[in-house]
Amino acid sequence: MSLALVLGGGAARGAYHLGFLHFCDENHIKIEAFSGASIGAIIGASYASGVSAKEQFRILSSKEARKNLKFNYFRNGLIRIDTNNKITDELLPIKKLEDIPKPVWVDAYDIKEKKLHYFNSGDTIPLCLGSSALRVLFPPIKYKNMSLIDGGYFDNLPLKPLENQGYKILTIDLFAKKKFTKTGMLNKVYSKIKKSFLTQLYENRRYTLEHTDYYLGSEYIIDYYLFTFHQMQDCFDLGYKEAKEFFSKKYKN
């Protein structure tokens, strides 16, 4: 049975995804499809394009990345990437989602149509950046006739595109065991969003947890900050360690 991954959003905690995928690389474990939100969308699209987890980590933790990729609270979104920078081309070398060798879905919300989209075709870079841009106070990403904001607002664990395709689905959650609206940055963010949006987020999360074949949500992930590079190596190592535990104890091919 083919294994597919749902890669949740979580800014700098995305290093956990990379650690998990690096274990897969080292142990020749194939992932056949990806669905991601926010940083999970970028990592999934990059990995499916042939950029290894270790190479992604090198790019994202480089000095150049620190200059050109910034974690912000509201100014230009949580993740700001210069679309003309070579880092973007290194991370996302295949310019059309439909040309990526393995199926990839990227979720983003169109505020014009008031609709959540799961894209598996179109321009890779603007769609991944749209999925990653947490835009509450500032303009969204313009793409064709749409105005896109972070899909993680509405479905941070986008399992639905992977259903009924013969995959065993593993969901990796970067907000495991964390209350969404009581503390921290998320409380500030979601206070700017209408209650109906939160309802959709919770409903989609509940749907994913009920329908995923496997779930990986580290009890330690909340110890890692969302908006700093300083813990990336430790977060990467945690993902690697817990991938080893997952495949040795839980996953049955």
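That block above? That's the structure.
Heads up: these notes are all about the structure in this document. (Residues numbered from 1 in each chain as written. Predicted model: local features only at pLDDT ≥ 70, side-chain atom pairs only at ≥ 80, totals over all residues. Heavy atoms only, no water.)

### A closer look at unusual backbone geometry
Quick note on the threshold: Numbering of helices and strands runs from the N terminus; a helix is a DSSP stretch of H or I covering at least four residues, while a strand is a stretch of E covering at least two. Relative accessibility decides the category of a residue: with a 1.4 Å probe and only protein chains considered, values under 20% of the type maximum give buried, values over 50% give exposed, and everything between is partly exposed.
Positive phi, close to 55 degrees, is recorded for K144, a residue that is not glycine. You can see K144 is positioned in the loop between β7 (141-143) and β8 (146-150). Owing to a relative accessible area of 70%, K144 belongs among the exposed residues under this scheme. Even without a glycine there, the phi angle at N164 is positive, about 60 degrees. On the secondary structure map, N164 appears in the loop between β8 and β9 (167-172).

### As for the pairing of strand β6 (residues 115-119)
Along any regular strand the residues' side chains alternate between the sheet's two faces. Threshold: Strands are labelled as partners when DSSP assigns at least two bridges between them.
Across five bridges, strand β5 (residues 104-110) lies against β6 in antiparallel orientation. Directly across from D107, in β6, lies its bridge partner Y118.

### Let's talk about the pairing of strand β1 (residues 2-7)
Among the six residues in β1, five count as buried, and that is most of the element. Across four bridges, the pairing between β1 and strand β2 (residues 33-36) is parallel. Counted as the bridge partner of V6 is S35 from β2.

### Remarks on the packing of helix α1 (residues 14-26) against helix α9 (residues 232-249)
Quick reminder of the rule: In this analysis an axis means a line fitted to C-alpha atoms, helices contributing only their contacting stretch, and an angle means the value between N-to-C directions, from 0 to 180 degrees. When describing relative orientation, an angle under 35 degrees is termed roughly parallel and one over 145 degrees roughly antiparallel, while 65 to 115 degrees is termed roughly perpendicular and anything else oblique. Note: crossing handedness is left-handed where the near helix turns anticlockwise from the far helix by less than a right angle, and right-handed where it turns clockwise. Contacts are residue-level and defined by heavy atoms, with any inter-residue pair within 4.5 Å sufficient. The nonpolar class holds Ala, Val, Leu, Ile, Met, Phe, Trp, Tyr, Cys and Pro. Asp, Glu, Lys and Arg form the charged class, and all remaining residues, Gly among them, are polar.
Close contact between α1 and α9 brings their axes to 6 Å; oriented N to C, the two are set at 50 degrees. The pairing of α1 with α9 is recorded here as oblique in orientation. Note that α1 runs across α9; the crossing there is right-handed. Note on element contacts: α9 touches α1 through M232, C235, F236, L238, G239, Y240, E242, A243, K244, F246 and F247, opposite A15, Y16, L18, G19, F20, H22, F23, C24 and E26. Taken together, the residues of the contact of α1 with α9 break down into 14 nonpolar, three polar and three charged.

### Looking at helix α6 (residues 124-132)
Side chains of residues three or four places apart in an α-helix project in the same direction, reflecting 3.6 residues per turn. Among the nine residues in α6, eight count as buried, and that is most of the element. T124, I125, L127, C128, L129, G130, S131 and S132 are the residues of α6 that are buried.

### Topic: the side chain of H117
Worth spelling out the cut-off: Whenever a nitrogen or oxygen atom comes within 3.5 Å of another N or O atom, the pair is scored as a polar contact, on the condition that within protein one atom can donate a hydrogen and the other can accept it, and that pairs from neighbouring residues in sequence are kept only if both atoms are in side chains.
Structurally, the position occupied by H117 is in strand β6. At 3.5 Å, the side chain of H117 and the side chain of E113 are in polar contact.

### Some points on the pattern of salt bridges
The condition is simple: In what follows, salt bridge is the name for a side-chain nitrogen of Lys or Arg lying within 4 Å of a carboxyl oxygen of Asp or Glu.
Tallied over the entire structure, the rule returns six salt bridges. Across the pair R58 and E90 runs a salt bridge, and its minimum N-O distance is 3.4 Å. Here the residue R58 occupies a position in helix α3 (residues 53-60), and E90 occupies one in helix α5 (residues 86-91), the gap between them amounting to 32 residues. Residue D89 pairs with K95 through a salt bridge whose shortest N-O separation is 2.8 Å. By relative accessible area, which is 39% here, D89 ends up partly exposed. Look at K95 and you get partly exposed, because its relative accessible area is 38%. A cluster of three or more residues bridged by salt bridges with shared partners is formed by E55, R58 and E90.

Everything listed here is a matter of coordinates, which is why it stays silent on function.
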